[in-house]
Amino acid sequence: MQYKLRLAEHKDSASIVQLYHAIIGTPGCTWDEEYPSAEDVAEDIKLSCLYCLEDGIGTLVAVAAAGAFEELSHLSWDARMNKPCELARIGVHPSMQHKGIGAMILKEVIKDCQKRGFDGMRFLVSKTNPGAIALYNKSGFRECGETYMYGHDFYCYQRIFD
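Residues numbered from 1 in each chain as written. Predicted model: local features only at pLDDT ≥ 70, side-chain atom pairs only at ≥ 80, totals over all residues. Heavy atoms only, no water.

Along its length, the protein chain carries four helices and seven strands. The N-to-C order of helical and strand elements in the protein chain reads β-α-α-β-β-β-α-β-α-β-β. Taking 2.2 N^0.38 as the reference for a compact globule, 162 residues should give roughly 15 Å; the C-alpha atoms of the protein chain span a radius of gyration of 15 Å, in line with that estimate. Taking the principal axes of the C-alpha coordinates as reference, the protein chain spans close to 40 × 35 × 30 Å. Taking all 162 residues of the protein chain together, the buried fraction comes to 47%. Relative to all contacts within the protein chain whose residues are 6 or more apart in sequence, the contacts with residues 24 or more apart total 67%. Per element, the accessible surface of the protein chain, about 8,500 Å² overall, is 51% carbon and sulfur. If the 17 positive side-chain charges of the protein chain are averaged to one point and the 22 negative ones to another, these points end up 8 Å apart. (Helix = DSSP H or I, 4+ residues; strand = E, 2+ residues; numbered from the N terminus. Rg over C-alpha atoms; globule rule 2.2 N^0.38 Å. Buried < 20%, exposed > 50% of the residue type's maximum accessible area, 1.4 Å probe, protein only. Contact = heavy atoms within 4.5 Å. Areas by Shrake-Rupley, 256 points an atom, 1.4 Å probe, with all protein chains shown as cover. Lys, Arg positive; Asp, Glu negative; His and termini not counted. Charge placed at Lys NZ, Arg CZ, Asp CG, Glu CD.)

Now the structure itself:
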């Protein structure tokens, strides 16, 4: 099946929130009914940093936000990254998990972030999310610390782009 990555538009907002809510309660997910919110989606769209991955018939299967959010700048990161982006709110619809969709959207978002001039990527991943941890390890990211934020324990992950 062919998949297409594109930037989210305002008309996608309801579908994106619906996808986020479908992920709540899946193993390792730290989200709840209040986060990610419609406001988070609207802000990510406004900043042109929310990506949608659609299947061949236009159904939303995954989303990810990546940009200069500066939500994690207070943590310790590799000083060789001069212009890193932060990955956030990445999710694959539960019916599409374990099919390589997470790796696909991550790879495409990284490519686009490199084109946008970012030299690395950093983010948090829940310590209780072994699927995401395995994906990030296979995708060239490395764990570089731990933190407790938003009421959860997280690993800090980063990757300097080639």
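Here the narrative resumes, following the displayed structure.
Our focus in this paragraph is the side chain of threonine 147. Here threonine 147 shows up in strand S6 (residues 142-149). Among residues more than four places away in sequence, those in contact with threonine 147 are Leu75, Leu124, His152, Asp153, Phe154 and Cys156.

A word on the environment of cysteine 113. Checked against the element boundaries, cysteine 113 lands in helix H3 (residues 101-115). The exposure class of cysteine 113 is buried, given its relative accessible area of 0%. Between the C-alpha atom of cysteine 113 and that of aspartate 55, which follows or precedes it by 58 residues, the distance is 21 Å.

To continue, consider the packing of aromatic side chains. Aromatic rings considered in pairs are described by the distance between their centres and by the relative angle of their planes. Overall, the coordinates contain seven aromatic pairs when judged by the stated rule. An angle of 10° between the planes, with centres 6.0 Å apart, marks the rings of phenylalanine 123 and tyrosine 157 as stacked. Of this pair, phenylalanine 123 sits in strand S5 (residues 120-126) while tyrosine 157 is found in strand S7 (residues 152-160), placing the two residues 34 residues apart along the sequence. Each member of the pair phenylalanine 123 and tyrosine 157 is classed as buried. Connected via pairs of aromatic rings, a cluster forms that spans Phe123, Tyr136, Phe141 and Tyr157. The ring centre of phenylalanine 69 lies 5.3 Å from the NZ or CZ of arginine 89, which sits over that ring. For the cation-ring pair, arginine 159 lies above phenylalanine 141, with the distance from its terminal atom to the ring centre recorded as 5.8 Å. (Phe/Tyr/Trp six-rings, centres within 6.5 Å; stacked < 30°, edge-to-face > 60°. Lys NZ or Arg CZ within 6 Å of the ring centre and 35° of its normal.)

Glancing now at unusual backbone geometry. Trans is the common state for peptide bonds, and a negative phi is the common state for residues other than glycine. Cis rather than trans, the peptide bond between tyrosine 35 and proline 36 has omega equal to -5°. Along the polypeptide, proline 36 turns up in the loop between helix H1 (13-23) and helix H2 (38-46). At arginine 89, a residue that is not glycine, the phi angle is positive and equals roughly 50°. Here arginine 89 is to be found in strand S4 (residues 84-92). What makes arginine 89 buried here is its relative accessible area of 7%. For tyrosine 150, which is not glycine, the phi dihedral falls at a positive 55°. With respect to the helices and strands, the residue tyrosine 150 is situated in the loop between S6 and S7. Taking relative accessible area as the criterion, tyrosine 150 reaches 57% and is therefore assigned exposed.

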